[in-house]
Amino acid sequence: AAARIKVHELRGKNKADLQGQLKDLKAELSLLRVAKVTGGAPNKLSKIKVVRTSIARVLTVISQKQKSALREAYKNKRLPLDLRPKKTRAIRRRLTKHQLSLKTEREKKREKYFPMRKYAIKA
Amino acid sequence: MLPVAVAKKGDAKAQAAKVAKAVKSGSIKKTAKKIRTSVTFHRPKTLSKARDPKYPRISTPGRNKLDQYQILKYPLTTESAMKKIEDNNTLVFIVDLKADKKKIKAAVKKMYDIQLSDQPN
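Cut-offs used in this document
Residues numbered from 1 in each chain as written. Chains lettered and ligands numbered in written order. Predicted model: local features only at pLDDT ≥ 70, side-chain atom pairs only at ≥ 80, totals over all residues. Heavy atoms only, no water. Helix = DSSP H or I, 4+ residues; strand = E, 2+ residues; numbered from the N terminus. Buried < 20%, exposed > 50% of the residue type's maximum accessible area, 1.4 Å probe, protein only. Contact = heavy atoms within 4.5 Å. Areas by Shrake-Rupley, 256 points an atom, 1.4 Å probe, with all protein chains shown as cover. Phe/Tyr/Trp six-rings, centres within 6.5 Å; stacked < 30°, edge-to-face > 60°. Lys NZ or Arg CZ within 6 Å of the ring centre and 35° of its normal. 1 Å grid on protein atoms, 1.4 Å probe; cavity = no way out; pocket = protein on both sides within 12 Å on 5 of 7 lines; lining within 4 Å. Points joined across faces, edges and corners; volume = space filled by probe spheres on them. Nonpolar A, V, L, I, M, F, W, Y, C, P; charged D, E, K, R; others polar. Axes fitted to C-alpha atoms, helices over the stretch in contact; angles between N-to-C directions. Parallel < 35°, antiparallel > 145°, perpendicular 65-115°, else oblique. Left-handed = near helix turned anticlockwise from the far one by under 90°. Buried area = accessible area lost by both parts, 1.4 Å probe. Salt bridge = Lys/Arg side-chain N within 4 Å of Asp/Glu carboxyl O. Polar contact = N/O pair within 3.5 Å; in protein donor to acceptor, adjacent residues only side chain to side chain. Core = buried A, V, L, I, M, F, W, Y, C linked by side-chain atoms within 4.5 Å.

J.: Please explain the overall build of chain B as it appears in this structure.
T.: Looking only at helices and strands, chain B features four helices and two strands. Ordering the α and β elements of chain B from the N terminus gives α-α-β-α-β-α. Within chain B, buried positions represent 13% of all 121 residues. The contacts of chain B with a sequence gap of at least 6 include a subset with a gap of at least 24, amounting to 42%. A total accessible area of about 11700 Å² is found for chain B, and carbon and sulfur atoms account for 56% of it.

Here you go:
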């Protein structure tokens, strides 16, 4: 594939197409590596970087599609660990917002019957 | 072993009478004391269940990172390697460190459609 690989085009393809493209790119890369060893032309050698980054792009798109499909599949079910939010270990162990907001019946009644009053003083 | 029901306080006497009757009739079996033929105690085999996770810990197993493109990196083109090509009908490749001979054989077959013969080295 000579033309520059565009990611938004890649996202439109399906999994089989992406895998096929990946194979082609890898085959091209192996040829370029052979050319590097056998003293290839500079235009071939400079292409190595292009092909490597294209392979990276395809792999990224494949992985992103896979992850999003999995998240769809696991909706409203217990998530596997790598689909849960990563954040930091400490943050994951904190109380949730809901848990922090819980109040006892006593406290709720107190707030209801003895709220904080606001006064204004007339000068 | 003993036929124990949930006894109320008043039934204690009745239960005692019941048990006495059972003992007399011989319906209560005494478990025979197991004889041990060895001095060492070996852990008895208990039920071991296979894994059946309620959710997978990793959503998908990772892709195989040692595929044929990764195994065969590039051929050698040194003088001695060239000699081997001409004289011994062999190719010399630089190969990934983690590949073993079987994987290399499979990779070459896939990449270049060659049939490899079993050669020393």
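Here the narrative resumes.
J.: Just to check I follow, could you spell out the packing of aromatic side chains for this structure?
T.: Aromatic ring pairs are defined here through the distance separating the ring centres and the angle between the ring planes. Residues and elements named next belong to chain B. Considering all chains together, one arrives at one aromatic pair over all chains under this definition. For the ring pair Phe93 and Tyr112, a centre distance of 5.8 Å and an interplane angle of 25 degrees mean the geometry is stacked. In this pair, Phe93 sits in strand S2 (residues 93-95) while Tyr112 sits in helix H4 (residues 101-112), placing the two residues 19 residues apart along the sequence. Look at Tyr112 and you get partly exposed, because its relative accessible area is 35%. In this structure, Arg57 packs its charged tip against the face of Tyr55, placed 4.0 Å from the ring centre.

J.: Help me out: how do you make sense of unusual backbone geometry in this one?
T.: Residues apart from glycine generally show negative phi values, whereas peptide bonds are mostly found in trans. All names here are of chain A. The backbone phi angle of Asn76 is positive, close to 60 degrees, even though this residue is not glycine. If you trace the backbone, Asn76 turns up in the loop between helix H3 (42-73) and helix H4 (89-92). Looking at Asn76, the relative accessible area reads 81%, which means it is exposed.

J.: Could you clarify how one ought to interpret the layout of surface pockets in this entry?
T.: Unoccupied space between atoms shows up once a probe the size of one water molecule is rolled over them. A volume near 520 Å³ is recorded for the second largest pocket. Contributing to the lining of the second largest pocket are 22 residues, with Ile62, Ser63 and Gln66 of chain A together with Gly62 and Arg63 of chain B lying nearest its centre. Contributions of two or more residues to the lining of the second largest pocket are made by helix H2 (15-37) and H3 of chain A. Looking at the lining of the second largest pocket, the element that brings in the most residues is H3 of chain A, giving eight residues. For the lining of the second largest pocket, a count of residues per class yields seven nonpolar, seven polar and eight charged.

J.: How should I be thinking about the packing of H2 of chain A against H3 of chain A in this particular structure?
T.: Axes are the key here: two packed helices are described by the angle between their axes and the distance separating the axes. All names here are of chain A. For the pair H2 and H3, the least separation of the axes is 9 Å and the interaxial angle reads 155 degrees. Here H2 is positioned roughly antiparallel relative to H3, judged by the angle of their axes. You can see that H2 and H3 cross each other, and the crossing is left-handed.

J.: How should I be thinking about the interface of chain A and chain B in this particular structure?
T.: Many descriptions give the size of an interface as the accessible area lost when the pieces come together. Contacts between the two partners involve 20 residues from chain A and, on the opposite side, 14 residues from chain B. For the pair chain A and chain B, the summed buried surface comes to about 1400 Å²; carbon and sulfur atoms form 64% of the total. For the interface between chain A and chain B, the tally reads one salt bridge. Here chain A is connected to chain B by four residue pairs in polar contact (both at pLDDT 80 or more). Mapped onto the side of chain A that touches chain B, the elements with two or more residues apiece are H2 and H3 of chain A. The class makeup of the residues in the side of chain A that touches chain B is ten nonpolar, three polar and seven charged.

J.: Please explain the pattern of salt bridges as it appears in this structure.
T.: Opposite charge on two side chains permits them to pair, given that their charged atoms come into close proximity. Residues and elements named next belong to chain A. Enumeration over the complete set of coordinates arrives at four salt bridges over all chains. Linking Lys103 and Glu111 is a salt bridge whose minimum nitrogen-to-oxygen distance equals 3.4 Å. You can call Lys103 partly exposed: its relative accessible area is 37%. We note a salt bridge from Lys108 to Glu105, for which the minimum N-O separation is 3.6 Å. Placement of both Lys108 and Glu105 in helix H6 (residues 105-113) is noted, with a separation of three residues, approximately one turn of the helix.

J.: How should the nonpolar core be read in this particular structure?
T.: The nonpolar side chains of soluble globular proteins are, as a tendency, buried together. Residues and elements named next belong to chain A. Residues Leu10, Leu18, Leu25, Val51, Ile55 and Val58 are the most contacted members of the largest nonpolar core, which totals 13 residues. Broken down by secondary-structure element, the contributors of at least two residues to this core are H2 and H3. Not counting chain neighbours up to four residues away, the residues in contact with Val51 comprise Leu25, Glu28, Leu29 and Leu32.

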